[in-house]
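Here's the letter readout for the chains.
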Amino acid sequence: MNQLKISAVSYLNTYPFVYGILHSGCLGNFMLDIAVPSVCAENLALGNADIALVPVGAIPHLPPVRFISNYCIGAVSPVKTVLLLSHKPLTEIKQIHLDWDSRTSVQLVKVLAKNFWKIDPAWKDLGQGESDQADGIESLVAIGDKTFGLSNRYEYIYDLAEEWIRFTSLPFVFAAWVTTRDLPEETIRDFNAALAYGVDHRRETIEFFEKKIPSGIDAYRYLNENISFEFDSDKKKGLDLFLSYLTAE
């Protein structure tokens, strides 16, 4: 086929995928674009990507997609980098500001607020980059590497993956590899082999991206203990349940 256009996420939790795509030797002619999750979904919707790692909350708003990988960005325990940060406990929260970067975290916090926490806050969208300057915000949903620097500013920290697991007893999937195109099976096989290579070489991944990893972070522990990459049957059940909440809204 022609050049394979791949859109991937720019966070630490995706570095193993990026490393595998770049260094496995499994893929031939490809172009890799790195962006925040919301832009990855936009790239797929606009036809600027053949394959994209999209936030699953965007899936209902995309053309029909095909899941093409055995890998995802998931969690079976606290994920550490998708958080509700607040100066007040849940029962006292009146307004929650929402990170621009990912539709999934925004949808997840709304599902939890309505169905699990039983609270009804006002929601306020933040613009791109505004969550990095969060001083003065009562409650904030923040995702990605920025959470490493924001967490110590807030008294109350609610890990959204942990809250989902408490609510449903199922893992959570934050992002999945999908396509809207009819790709050759050989291409899909080679792509999965590249992802597997990266997941199996996490230590080399960290060494390669060392200068981009926030200081003071145990990146190897984070990738091994907080991120679960296998898109297994329990994660698919969790994803189906989450999507059912979105379509019911």
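Before going into details, it helps to say that this report is about the structure given with it. All of these numbers come straight from a predicted model, not from anything done at the bench.

**With respect to the overall build of the protein**
Looking only at helices and strands, the protein features nine helices and 11 strands. Taking 18 Å as the expected radius of gyration for a compact globule of 249 residues, we find that the protein reaches 18 Å, a close match to that expectation. Expressed as lengths along the three principal axes of its C-alpha atoms, the size of the protein is roughly 55 × 40 × 30 Å. Counting over 249 residues, the protein shows a buried share of 53%. Within the protein, residue pairs in contact and separated by at least 24 positions form 82% of the contacts whose partners lie at least 6 positions apart. Total accessible area on the protein is roughly 11300 Å²; 46% of this is exposed by carbon and sulfur atoms. Placing the 23 positive and 32 negative side-chain charges of the protein at their respective mean positions leaves the two points 3 Å apart.

**Quick word on the side chain of D159**
As for its placement among the helices and strands, D159 is situated in strand β9 (residues 156–159). For the buried residue D159, which engages in no salt bridge, the nearest side chain bearing the opposite charge is K80, 6.2 Å off. Of the polar contacts made by the side chain of D159, one reaches the backbone nitrogen of E162; its length is 3.1 Å. If we skip the residues at most four places from it in the chain, D159 touches P78, V79, K80, V82 and L83.

**Brief notes about helix α9 (residues 233–248)**
Over its 16 residues, α9 runs 23 Å from end to end, which matches the ideal 22 Å to within 8%, given 1.5 Å per residue. On its buried face, α9 is in contact with β4 (66–75), α3 (103–117), α5 (160–168), β10 (172–179) and β11 (228–230).

**Focus: the sheet that holds strand β1 (residues 4–9)**
Across the sheet, which stays open at both edges, the six strands sit in the order β2-β1-β3-β10-β4-β11 with mixed pairing between neighbours. Looking at the sheet topology across the chains shown, the edges are occupied by β2 (30–35) and β11. Strand-to-strand twist of the sheet, defined as the mean angle between neighbouring strand axes without regard to direction, takes the value 25 degrees. Note that β1 and strand β3 (residues 51–55) share two bridges and pair parallel. Looking across to β3, one finds that I6 is bridged to I51. Seen against the sheet, helix α6 (residues 185–200) touches β1, β3, β4, β10 and β11 and runs at an angle of roughly 15 degrees to β4.

**Observations concerning the environment of Y15**
By the secondary structure assignment, Y15 is in helix α1 (residues 15–23). The spacing of Y15 and E230 is 215 residues in sequence and 15 Å in space, taken between C-alpha atoms. When near neighbours in sequence (up to four residues on either side) are disregarded, Y15 contacts S10, D145, T205, F209, K212 and I213.

**Quick look at the packing of aromatic side chains**
Taken as a whole and judged by the stated rule, the model has 18 aromatic pairs. Ring plane angle 70 degrees and centroid distance 5.4 Å describe the contact between F17 and F229, whose orientation is recorded as edge-to-face. You can see F17 sitting in helix α1 and its partner F229 sitting in strand β11, a full 212 residues away along the chain. The buried category is assigned to F17, whose relative accessible area is 0%. Its relative accessible area of 1% is what places F229 among the buried residues. If you follow R203 out to its NZ or CZ, it ends over the ring of Y220, 3.7 Å from the centre. Directly above the aromatic system of F231 lies the positively charged group of K236, at a separation of 5.3 Å from the ring centroid.

**Some remarks on empty space enclosed by the protein**
In total, this model carries one cavity of 30 Å³ or more according to the counting rule given. Of the pockets and cavities examined, the largest cavity occupies roughly 180 Å³. Counting only elements with at least two residues in the lining of the largest cavity, the list comes to α3 and β10.

**Observations concerning the pattern of salt bridges**
According to the stated counting rule, one finds eight salt bridges in the structure shown. Put simply, E185 and R66 hold a salt bridge, and the shortest N to O gap is 2.7 Å. One end of the pair, E185, is in helix α6; the other, R66, is in strand β4, with 119 residues separating them in the sequence. Its salt-bridge partner being R221, residue E225 comes within 3.0 Å of it at the nearest N-O pair. You can see E225 and its partner R221 sitting in helix α8 (residues 219–226), four residues apart, about one turn around the helix. It is possible to trace a salt-bridge network through shared partners that takes in E186, R189 and D190.

Conventions and cut-offs
- Along each chain, residue indices are assigned from 1 in the same order as the chain's sequence is written.
- Per-residue local features of the predicted model are confined to residues with pLDDT of at least 70, and side-chain atom pairs are confined, for both listing and counting, to 80 or more; whole-chain, interface and lining totals are unaffected and use all residues.
- For side-chain calculations, the full set of non-hydrogen atoms in the structure is used, while hydrogens and water are omitted.
- For the purposes of this entry, the term helix denotes a DSSP run of H or I that reaches at least four residues, the term strand denotes a run of E that reaches at least two, and both are numbered from the N terminus.
- Each radius of gyration reported is based on C-alpha atoms, and the globular scaling rule is 2.2 Å times the count of residues to the power 0.38.
- Partly exposed describes any residue whose relative accessible area lies between the buried limit of under 20% and the exposed limit of over 50%, with all areas from a 1.4 Å probe on protein chains only and scaled to the type maximum.
- By definition in these notes, contact holds between two residues if any of their heavy atoms fall within 4.5 Å.
- Surface accessibility in these figures is a Shrake-Rupley result with a 1.4 Å probe; residues are shielded only by whichever protein chains are displayed.
- The charged-residue count follows a simple rule in which Lys and Arg add positive charge and Asp and Glu add negative charge, with His and chain termini not counted at all.
- Where a charge lies is defined by one atom per residue type, namely NZ (Lys), CZ (Arg), CG (Asp) and CD (Glu).
- Salt bridge, as applied in this entry: a Lys or Arg side-chain nitrogen positioned within 4 Å of an Asp or Glu carboxyl oxygen.
- Counted as a polar contact is a pair of N or O atoms within 3.5 Å, where, for protein atoms, one must be capable of donating a hydrogen and the other of accepting one, and residues adjacent in sequence contribute only when both atoms are in side chains.
- Multiply 1.5 Å by the residue count of a helix minus one, and that product is the helix's expected span.
- We call two strands paired when DSSP finds no fewer than two bridges between them.
- Working convention: axes come from line fits to C-alpha atoms, limited for helices to the stretch in contact. Angles between N-to-C directions cover 0 to 180 degrees.
- Centre distance within 6.5 Å is the pairing criterion for rings of Phe, Tyr and Trp, where only the six-membered ring of Trp is used; planes under 30 degrees apart are then read as stacked, over 60 as edge-to-face, and the remainder as tilted.
- Either the NZ atom of lysine or the CZ atom of arginine qualifies as a charge over a ring when it sits within 6 Å of the ring centre and within 35 degrees of the ring normal.
- Each cavity reported here is a set of points on a 1 Å grid over the protein atoms alone in which a 1.4 Å probe fits but cannot get out, each pocket an open set with protein on both sides within 12 Å along at least five of seven lines, and each lining residue one with an atom within 4 Å of a point.
- Grid points are joined across faces, edges and corners, and a volume is the space filled by probe spheres set on the points.

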